[in-house]
Every structure is written in C-alpha cells, then in structure tokens.
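Descriptive analysis of the structure
Here is what each chain is made of, one letter per residue.
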Amino acid sequence: RRQTSRLAAENEELRQNQNRIELQEGQAKALLQSELELTKAELAGAQRDLKELTQKHSAAETEEKSRVQEMRSALEKGLYFRDEAAHLGKALGSAQKSDLF
C-alpha cells in the first residue's frame, strides 16, 4: 500500500512535470512564431527599401546617361562649328591673299 501511494505520488509529479513542459513548449512555440512574424515583416520592409533604392538608382543612372549624351552632342556641335570656323578662316585668308576683297 505504501508503495502504491508512493507510485501514485510519483505519477502525479510526472504528470505535473509533463504539463509544465507542454506549457513551456507552447510558450516557446508562440514566442518563436512571434519572432518569425516580426522577422518576416522586417524582411518585407527591407525588400521594399531595396526595391525603392534600386528604382532611384536606375532613374539616376538613366538621367546621368541622358546628361552625358547631351554633353556629347553639345561637344560634337562645338567641334563641328570650330572646324567650320577654321575652314571659313582659311577661305577668308586665301581670298585676302588673292585680292578678292
């Protein structure tokens, strides 16, 4: 009878320990799930930020290419007019030498 009582007490203690373990497991799972959801939200925010920065970078790169093209075009026009002015200068010099003026 004494052993039965002792076994019943041990059984009750084991049952209570099992209940505590299950409760702690449930709390741990809830905490991990909460952390996972928070991490997912942070990741989504970081992905939005990255997308926005990528778009801004792409727009800036496109704008820079456009400015470079405008500068190249202006330079080409300047070189053209420089060459034309040199050609006209030579023609004027030749005309002056031949007394056309």
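Provided above is the structure to which this section pertains.
Here is a short report on the structure shown in this document. Keep in mind that what you see is a predicted model, and the values were worked out from it rather than measured. (Residues numbered from 1 in each chain as written. Predicted model: local features only at pLDDT ≥ 70, side-chain atom pairs only at ≥ 80, totals over all residues. Heavy atoms only, no water.)

**Points about the packing of aromatic side chains**
Following the criterion strictly, the structure yields one aromatic pair and no others. Look at Tyr80 and Phe81: their rings are 5.3 Å apart centre to centre, the planes differ by 70°, and that puts the pair in the edge-to-face class. (Phe/Tyr/Trp six-rings, centres within 6.5 Å; stacked < 30°, edge-to-face > 60°.)

**A few points about the pattern of salt bridges**
The final tally for this structure, using the stated rule, is seven salt bridges. For Lys56, the salt bridge goes to Glu52, with nearest N and O atoms at 3.1 Å. Highlighted residues: Lys56 and Glu52, both in helix α1 (residues 2–97), separated by four residues, approximately one helical turn. Relative accessible area serves as the criterion here: at 52%, Lys56 is assigned to the exposed category. (Salt bridge = Lys/Arg side-chain N within 4 Å of Asp/Glu carboxyl O. Helix = DSSP H or I, 4+ residues; strand = E, 2+ residues; numbered from the N terminus. Buried < 20%, exposed > 50% of the residue type's maximum accessible area, 1.4 Å probe, protein only.)

**Looking at the environment of Arg1**
With respect to the helices and strands, Arg1 occurs in the segment before α1. Its relative accessible area of 88% is what places Arg1 among the exposed residues. The spatial distance from the C-alpha of Arg1 to the C-alpha of Leu14 is 20 Å, given a sequence separation of 13 residues.

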